[in-house]
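# Working through the structure, step by step
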Amino acid sequence: MAFTADHSERCRRDFPALQQPLEGKDLVFLDGPGGVQVPTAVIQAMTDFYETCNVNTHGNFAPSREVDRRMHVARETLAAFLGAAGPECISFGQNMTTLNFALSAAIGRTLKEGDEVLITQLDHEANRGPWLRLQERGAVIQEVKLKESGELDLADMAAKVTNRTKVFAIGASSNALGTVNDLALARRLTRAVDALLVVDAVHYAPHFPIDVSAMDADFLLCSGYKFYGPHVGVLYSKPGALDRLPTDRLSVQDPAAPYRIETGTLNHAAIDGMRAAVDYLASWGTGGTLRERIVDAMNGISAYEHRLAQVYHDEVRRLPGVRVWGPDFTSRVRAPTVSITLDGHTAGEAASALGAQGVCVWDGNFYAARAVDILGLADRGGLLRTGVSMYTTQRDIGRLLEGLKTLA
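Small disclaimer: the values here were computed from a predicted structure and weren't measured.

Definitions and cut-offs
- Residues numbered from 1 in each chain as written.
- Predicted model: local features only at pLDDT ≥ 70, side-chain atom pairs only at ≥ 80, totals over all residues.
- Heavy atoms only, no water.
- Helix = DSSP H or I, 4+ residues; strand = E, 2+ residues; numbered from the N terminus.
- Rg over C-alpha atoms; globule rule 2.2 N^0.38 Å.
- Buried < 20%, exposed > 50% of the residue type's maximum accessible area, 1.4 Å probe, protein only.
- Lys, Arg positive; Asp, Glu negative; His and termini not counted.
- Charge placed at Lys NZ, Arg CZ, Asp CG, Glu CD.
- Core = buried A, V, L, I, M, F, W, Y, C linked by side-chain atoms within 4.5 Å.
- Contact = heavy atoms within 4.5 Å.
- Phe/Tyr/Trp six-rings, centres within 6.5 Å; stacked < 30°, edge-to-face > 60°.
- Pairing = 2+ DSSP bridges.
- Axes fitted to C-alpha atoms, helices over the stretch in contact; angles between N-to-C directions.
- Salt bridge = Lys/Arg side-chain N within 4 Å of Asp/Glu carboxyl O.
- Right-handed = clockwise from strand over helix to strand, strands pointing away.
- Disulfide = S-S within 2.5 Å.
- Polar contact = N/O pair within 3.5 Å; in protein donor to acceptor, adjacent residues only side chain to side chain.
- Parallel < 35°, antiparallel > 145°, perpendicular 65-115°, else oblique.
- Left-handed = near helix turned anticlockwise from the far one by under 90°.

The number of helices and strands found in the chain is 13 helices and 15 strands. Here the chain has a C-alpha radius of gyration of 21 Å; the compact-globule value for 408 residues is 22 Å, and the two agree. Dimensions of the chain, computed from the C-alpha atoms along their principal axes, are close to 60 × 55 × 35 Å. Within the span of the chain, comprising 408 residues, buried residues form 57% of the whole. Looking at the chain, you have 41 positive and 48 negative side-chain charges, and the mean spots of the two groups are 3 Å apart.

Moving on, we come to the nonpolar core. Grouped together as the largest cluster of nonpolar side chains are 113 residues, with contacts concentrated most on Phe-81, Leu-82, Phe-92, Phe-227 and Leu-404. It is helix 9 (residues 268-282) that contributes the most residues to this core, ten residues altogether. When residues no more than four places from it in sequence are discounted, the contact partners of Phe-92 are Ala-74, Arg-75, Leu-78, Leu-99, Val-232, Gly-233, Val-234, Glu-262, Leu-266, Ile-271 and Met-274. Formed by 25 residues, the second largest nonpolar core is a distinct cluster that contains Leu-99, Leu-103, Ile-107 and Ala-169.

Okay, the packing of aromatic side chains next. For the structure shown, the criterion picks out ten aromatic pairs. Ring plane angle 65 degrees and centroid distance 5.8 Å describe the contact between Phe-15 and Tyr-228, whose orientation is recorded as edge-to-face. Here the residue Phe-15 occupies a position in the loop between helix 1 (5-12) and strand 1 (21-22), and Tyr-228 occupies one in the loop between strand 9 (219-223) and strand 10 (233-237), the gap between them amounting to 213 residues. Look at Phe-15 and you get buried, because its relative accessible area is 0%. When the centroid spacing of 5.0 Å and the interplanar angle of 65 degrees are considered together, the rings of Phe-15 and Tyr-391 count as edge-to-face.

This part is about the sheet that holds strand 12 (residues 337-342). One open sheet holds the four strands; their spatial order is 11-12-15-14, and the pairing between them is antiparallel. If you trace the sheet from one side to the other, it starts and ends with strand 11 (322-325) and strand 14 (362-364), each paired once. Along the sheet, successive strands turn relative to each other by an average axial angle of 30 degrees, direction set aside. Sheet topology places strand 14 next to strand 15 (residues 383-387); three bridges connect them, and they run antiparallel. For Trp-362, the partnering residue across the bridge sits in strand 15 and is Arg-385. Across the sheet, helix 10 (residues 290-316) lies against strand 11, strand 12 and strand 15, angled at about 15 degrees from strand 12, the strand it touches most. Packing against the sheet, helix 11 (residues 347-356) makes contact with strand 14 and strand 15, and its axis sits at approximately 45 degrees to strand 15.

Mapped onto the fold, Leu-111 is located in the loop between helix 4 (96-108) and strand 5 (116-120). In contact with Leu-111, not counting residues within four places along its chain, are Val-117, Leu-134, Ala-139 and Lys-166.

In this section: the environment of Ala-347. Along the polypeptide, Ala-347 turns up in helix 11. Among the residues examined, Ala-347 registers a relative accessible area of 7% and is labelled buried. Separated by 34 residues in the primary sequence, Ala-347 and Gly-381 have C-alpha atoms spaced 5.7 Å apart. Beyond its immediate sequence surroundings of up to four residues, Ala-347 is in contact with Asp-363, Gly-364, Arg-380, Gly-381, Gly-382, Leu-383 and Leu-384.

Moving on to the pattern of salt bridges. The full count for this structure, using the stated rule, is 23 salt bridges. Between Glu-9 and Arg-395 there is a salt bridge, with the nearest N and O atoms lying 3.0 Å from each other. A residue pair is termed long-range when its members are at least 10 positions apart, and Glu-9 in helix 1 and Arg-395 in helix 13 (residues 394-407) qualify at 386 residues. In this structure Arg-395 comes out as partly exposed when scored by relative accessible area, which is 46%.

Burial within strand 7 (residues 165-171) is extensive, with six of its seven residues counted as buried. As defined by bridge partners, strand 7 adjoins strand 8 (residues 196-200) across five bridges and the pair is classed as parallel. Following the sheet pairing, Gly-171 is matched in strand 8 by Asp-200. Crossover connection from strand 7 via helix 7 (residues 183-192) to parallel strand 8: handedness right-handed.

Using the criterion set out here, one finds zero disulfides in the structure. Here Cys-89 is not cross-linked by a disulfide; its sulfur's nearest cysteine counterpart is in Cys-222, at 13 Å. This cysteine, Cys-360, is not joined by any disulfide, and Cys-11 carries the nearest cysteine sulfur, 17 Å off.

A few words on helix 7. Turning to helix 7, its buried residues are Leu-183, Leu-185, Ala-186, Arg-187, Leu-189 and Thr-190. On its buried face, helix 7 is in contact with helix 6 (154-160), strand 7, strand 8 and helix 8 (212-215). The N-cap of helix 7, judged by a side-chain oxygen 3.4 Å from the amide nitrogen of Ala-184 a few residues on, is Asp-182. Residue Asp-194 follows helix 7 closely and has a positive phi angle near 60 degrees.

With that out of the way, let us pick up the packing of helix 3 (residues 62-82) against helix 10. Their axes nearest at 8 Å, the elements helix 3 and helix 10 cross at an angle of 50 degrees. As far as their axial angle goes, helix 10 and helix 3 are oblique. Regarding helix 3 and helix 10, the two cross each other, and that crossing is right-handed. Packed against helix 3, whose contacting residues are Thr-77, Ala-80, Phe-81 and Leu-82, the element helix 10 presents Leu-290, Arg-291, Ile-294 and Met-298 at the interface.

Structural measurements only, silent on function.
Here is the structure:
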């Protein structure tokens, strides 16, 4: 189903936060890459959990059995969202970073001194820091170079995947520049040397349908609060992959996937909210199965977001003193995230001026610190980042451009 401007206007009514004014004007939330707002359906799901079954799992009484049921349904729903084989592939955690630290620690125990882990200069630190820490165990960390265009150097990538490579950790899409990476190439290279492929899909998941089976990732991570849910991290593991890892876990923890990497009591209400977020997205698609509705909805939302981001990209680059960073929109697949610098203003100054007008955008490095440093922008305060979400309208983009024109 095509997702149109009319659909975007309709969906805005589902998000209470979009109704709050600032000095008589609606707030404009263009900060989606840092976290989007949640619809009423998610809030109601979490409220219902606290009102009806706020108990722990695996008890021999009705409310506890209901929690068990909801957690299983949540895993099934996230499996459908990612195209996974089943609920046993879906683990939950506090956030993506915490899960990735746990994953890297477990994988690290399987490495020998001198084994190589490949990361990229483009990635968020959540998919760099956990792997860099493995240097303490004797692992050698290699980096794929970032080009000024905001894209990874594919020749450098190919050269650095060798027989010594045991893990390649790569982002599906850059949260700073909107770049969508060549995961098919990454998979071909890693498969040839029998290396693990770990994909950070935090910035990709809100904007594109994901098929982990087709992607053939060994592990993939994402965050619910980027696709209209609460703050919960999700780890996908290829069937059998998690069971082979020596994870940190208590002796009483279920050793099978997906529980093998989950520590302590989970945030059950938020996980139920994650299920509601995926169901909400699916409600904008058509099809006979949940998976079909999700894919249809995400394709429609993706096309709408891309069109609107391209309008902003094409307009803002015409302003005097503005430079747009990252791939363009005409010849490449990219996320609807546009980052700029503005002569005469640091990104923080521009964001503050826009914030005073009720336009919410992010500034800085967005934890993609290595990329911002490589591009020579760290001393200039980084980038001013705009993210388009399903509830973003042309009116929102107009408010942003009006503010930037004043600054320019």
